[in-house]
Amino acid sequence: MVLQKIKTLFLYIFNLILWLIAKIVPKDENIWIFGAWFAEKYADNSKYLFEYMSKNHPEVRVVWFTRNSEIVNDLKSKNLEVYRIYSIKSIILGLRARYGIVVQSNLVDLIPFMNNSKTKIIKLWHGTPLKKIGYDDKFTEKYRKHS
């Protein structure tokens with residue numbers, strides 16, 4: 001338990017330092033970092049956009065970040081660029097990337113230091129808000145009653 005608290009504190013301080021550095025490192029418009037589901041899954045809208053960009057936009061360097069070794073092996077076998085979170089490559093790319101594309105949140109799908117004013121985070125979600133928004137619509141509510 002104490003060891004886990006020390007690790008959490010270390011990661012917090014490490015990310016704070018990298019967050020400060022990320023604000024001064026020049027960003028590359030053609031580096032896009034993708035992640036999904038707490039960096040544990042290769043799924044949902046970020047997966048499909050990642051694959052589309054990999055296939056159709058060679059001018060953009062698309063990279064997947066994950067904590068999962070199986071995902072690393074799978075994507076590498078498909079000649080896709082992928083790195084484990086907190087590897088040296090992921091830190092360097094995270095500092096330089098202009099865009100971070102996520103499903104849930106940049107704090108859990110990518111490396112937290114990427115949540116800075118210089119990196120643009122695009123949240124693709126996975127439909128939950130859209131499902132709930134429909135219930136707020138008065139027309140939809142009226143239609144459901146009459147159908």
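This section reports on the structure supplied with the text.

1. Digging into the sheet that holds strand E3 (residues 82-84)
Then, in step 1: Pairing within the open sheet is parallel, and its five strands lie in the order E3-E2-E1-E4-E5. Across the chains shown, the open sheet's two edge strands, defined by having one partner strand only, are E3 and strand E5 (120-123). Recorded for the sheet is a direction-independent mean angle of 25° between the axes of neighbouring strands.
Then, in step 2: Packed onto the sheet, helix H3 (residues 69-77) meets strand E2 (61-66) and E3 and runs at close to 160° relative to E3.
Then, in step 3: Strand contacts of helix H4 (residues 88-96): strand E1 (28-34), E2, E3 and strand E4 (97-102), with the helix running at about 125° to E2, the strand carrying the most contacts.

2. Notes on the pattern of salt bridges
Any two side chains of opposite charge can pair, on the condition that their charged atoms come close.
Then, in step 1: For the structure shown, the criterion picks out four salt bridges.
Then, in step 2: Note that Arg61 is salt-bridged to Glu81, the shortest N-O span being 2.6 Å. Placement of Arg61 in strand E2 and of Glu81 in the loop between H3 and E3 is noted, with a sequence separation of 20 residues between them.
Then, in step 3: Here Asp74 makes a salt bridge to Lys78, at a shortest N to O gap of 3.3 Å.
Then, in step 4: Its relative accessible area of 45% is what places Lys78 among the partly exposed residues.

3. Some thoughts on H3
Then, in step 1: Among the residues of H3, Ile71, Val72 and Leu75 are the ones counted as buried. End-on view of H3: buried residues confined to an arc of 105°, all on one side of the axis. Every exposed residue of H3 that faces more than 90 degrees away from the buried side is listed here: Glu70, Asn73 and Ser77.
Then, in step 2: Among the structural elements, helix H2 (44-56), E2 and E3 are those in contact with the buried residues of H3.
Then, in step 3: For H3, the N-terminal cap is Asn68; the gap from its side-chain oxygen to the backbone nitrogen of Glu70 is 2.8 Å.
Then, in step 4: One or two residues past the end of H3 sits Asn79, with phi positive at roughly 60°.

4. Digging into the nonpolar core
Then, in step 1: Core analysis: the biggest nonpolar cluster contains 18 residues, and Ile33, Phe65, Leu93, Phe113 and Met114 have the highest contact counts within it.
Then, in step 2: Counting only elements with at least two residues in this core, the list comes to helix H1 (2-22), E1, E2, H4 and E4.
Then, in step 3: In terms of residue count, the dominant contributor to this core is H4 (three residues).
Then, in step 4: Residue contacts for Leu93: discarding those within four places in its chain leaves Ile31, Ile33, Arg61, Val63, Phe65, Glu81 and Tyr83.

What counts as what
- Residues numbered from 1 in each chain as written.
- Predicted model: local features only at pLDDT ≥ 70, side-chain atom pairs only at ≥ 80, totals over all residues.
- Heavy atoms only, no water.
- Pairing = 2+ DSSP bridges.
- Helix = DSSP H or I, 4+ residues; strand = E, 2+ residues; numbered from the N terminus.
- Axes fitted to C-alpha atoms, helices over the stretch in contact; angles between N-to-C directions.
- Contact = heavy atoms within 4.5 Å.
- Salt bridge = Lys/Arg side-chain N within 4 Å of Asp/Glu carboxyl O.
- Buried < 20%, exposed > 50% of the residue type's maximum accessible area, 1.4 Å probe, protein only.
- Arc of directions from axis to C-beta.
- Polar contact = N/O pair within 3.5 Å; in protein donor to acceptor, adjacent residues only side chain to side chain.
- Core = buried A, V, L, I, M, F, W, Y, C linked by side-chain atoms within 4.5 Å.

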